[in-house]
Every structure is written in structure tokens, then in C-alpha cells.
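Here is how the chains run, residue by residue.
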Amino acid sequence: MGFGSFEKILQVLDILEDASTGLFFDDIYAKLDAPRSTLYRYLKALTNAGLIASLPNTGYTLGPRIAELDYKMRTQDLLVVASRPIMAELVQTTPAVALLCRLYRNSVLCVHQEAHPEAMMRSNYERGRSRPLLQGAASRVILAYMAPRTIAKLFDEQTEQFKAAQLGESMPEVKAVLRKIRQRGWESIEGQVTPGATGIAAPIFDSGGHIIGSLSLTMSRVGMETADVCRIAQRVSVCADEITYAISH
């Protein structure tokens, strides 16, 4: 099987991932540039591997192997393993929800969540959910440390979204906003993702100093005193640094 065939098989998974319900053969065929006989082979191979499944009345969906892989990731991914105890300790001192997020395909993916027992909110940004790079502290603190060329390309593609997120109406303005985030070492945003909530996030890096994700706290309050925001941000930053150290050594 050639590389092109592997790409097509991955496209089948992408098509099913993006669908809100199961898809039937003809639905997938309409979205994939491949002969019907070839698509039959792809679907059979993916079904045999457990990566997709089908029922007569619902069509094809992602299969049970995905759940198995998710379990393996939670127990083997060093980022999650190293972060879990640090996040659990962090939320014990602050009634909030802690999120561990990872950079993924020009979006931000939640890979773990911990909550204080008395947290006044429940975040719907659960493990496996992604959101744009431009909204929320957990996303923006990652954006601030991305390569300038990548940021410039994103701006060209999503100029209006940058403006709506108050990140700037030109690349010089965007650079200035992101520079301030890097100088602080953390980001704080009120109500941008969840009304009535404040998010505070700090970056996580790999052993080469490249941004890979963020650690954030989401609290069900706004209008916090600057001193309180800075105090919590420093705590989040220390924990993010501990995670960076753990996965780098």
C-alpha cells in the first residue's frame, strides 16, 4: 500500500471525526476522491482494526479501538502523567477547574482536567475537545510562543477572527499583544470563552524549548483584583514550569 493510500485512509477517519452522526457508504464516497472498490477496502481495513464500526441504521462511526487508544494515551503520555498530580495539588489551593491543553493542528486540545471539589462551575472543555487558538487564556498563551511565521500565516487566513479576539488589526499590533503575554509569562482573560469566568494560563515547553501546551485555571468570577490575578498567575506559572521540567528530564 502506497503513501497516497495511507493518506486516503486517514481522510476517512477525518471525515468520520468531523461528522455529528454516523455516515453511510455513499456519504463517505461523496467526500473522498477514491473509487468505490477502493473505499470498500479502506472501510474493511479500518473496521478490522477496530478504528471504525458500523450499524445498519446509523452507518459508520469511530470504533472501539479509539477508546482503547485514549486509555493508553492517558497512561503512557508523559505530559498527562507528569501533569496529573501537579494539577490535583493546584486545584486544592484554589476553587477552580484546571485544564491541561496541547497544541494540535492550529487549534488547542484539552488532554486532561482536574476540578476542586467545591468549584462553582463545571467546564465543558473536557478531554478530547478542541477550540480555536485565538480565544481564551489557555489558547492565547500558546499562540504567543508560536513561530512568527506561523502566526503571520494564521493572521492572513483569519484576520477578522484576530480582530474579534482583540489580538490586533495588523501584524504589528498582533506582535505587540503577544509580546506583552511573553513578557508576563502568563495570560488572563475574562468571559471570552465562558461568561462570568476568568481564565489564567501559563505555557508548557518541550526539552527543546518549543511550545507544546498550556496549564490553566478557570474560576467562576470576574472583576478580580489585579493582585489576586497576579498571585494566582504566579502559582499557575510555577506549576507549568514544574511540568516543563518533568517532561524534559
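Residues numbered from 1 in each chain as written. Predicted model: local features only at pLDDT ≥ 70, side-chain atom pairs only at ≥ 80, totals over all residues. Heavy atoms only, no water.

(A) Representation of the sheet that holds strand 6 (residues 187-190) within the structure. Taken in spatial order, the six strands make up an open sheet running 5-4-3-8-7-6, and their pairing is antiparallel. Of all the strands in the sheet, the pair left with one neighbour each is strand 5 (130-132) and strand 6. The average undirected angle you get between the axes of adjacent strands in this sheet is 30 degrees. With eight bridges joining them, strand 7 (residues 198-205) and strand 8 (residues 211-219) adopt antiparallel strand pairing. By the bridge assignment for strand 8, Ile204 is matched with Gly213. Across the sheet, helix 10 (residues 226-248) touches strand 6, strand 7 and strand 8, and the angle it forms with strand 7 is around 25 degrees. (Pairing = 2+ DSSP bridges. Helix = DSSP H or I, 4+ residues; strand = E, 2+ residues; numbered from the N terminus. Axes fitted to C-alpha atoms, helices over the stretch in contact; angles between N-to-C directions. Contact = heavy atoms within 4.5 Å.)

(B) Broad picture of helix 9 (residues 171-184). Between its terminal C-alpha atoms helix 9 stretches 20 Å, which fits the 20 Å expected from 14 residues at 1.5 Å a residue. When helix 9 is considered as a whole, its buried residues turn out to be Met171, Val174, Leu178 and Ile181. Angular distribution of buried residues about the axis of helix 9 spans 85 degrees; they occupy a single face of the element. Turned more than 90 degrees from where helix 9 packs its buried face, Pro172, Lys180 and Gln183 sit exposed. (Expected span 1.5 Å × (residues − 1). Buried < 20%, exposed > 50% of the residue type's maximum accessible area, 1.4 Å probe, protein only. Arc of directions from axis to C-beta.)

(C) Molecular detail of helix 10. The terminal C-alpha atoms of helix 10 lie 32 Å apart, and with 23 residues this matches the ideal 33 Å at 1.5 Å per residue to within 8%. The complete set of buried residues in helix 10 reads Val229, Ile232, Ala233, Val236, Ser237, Cys239, Ala240, Ile243, Thr244 and Ile247. Among the structural elements, helix 5 (78-93), strand 6, strand 7 and strand 8 are those in contact with the buried residues of helix 10.

(D) Representation of the side chain of His116 in the model. Mapping His116 onto the fold places it in the loop between strand 4 (107-115) and strand 5. What makes His116 buried here is its relative accessible area of 14%. Setting aside residues no more than four positions away along its own chain, His116 makes contact with Val91, Gln92, Thr94, Pro95 and Ala96.

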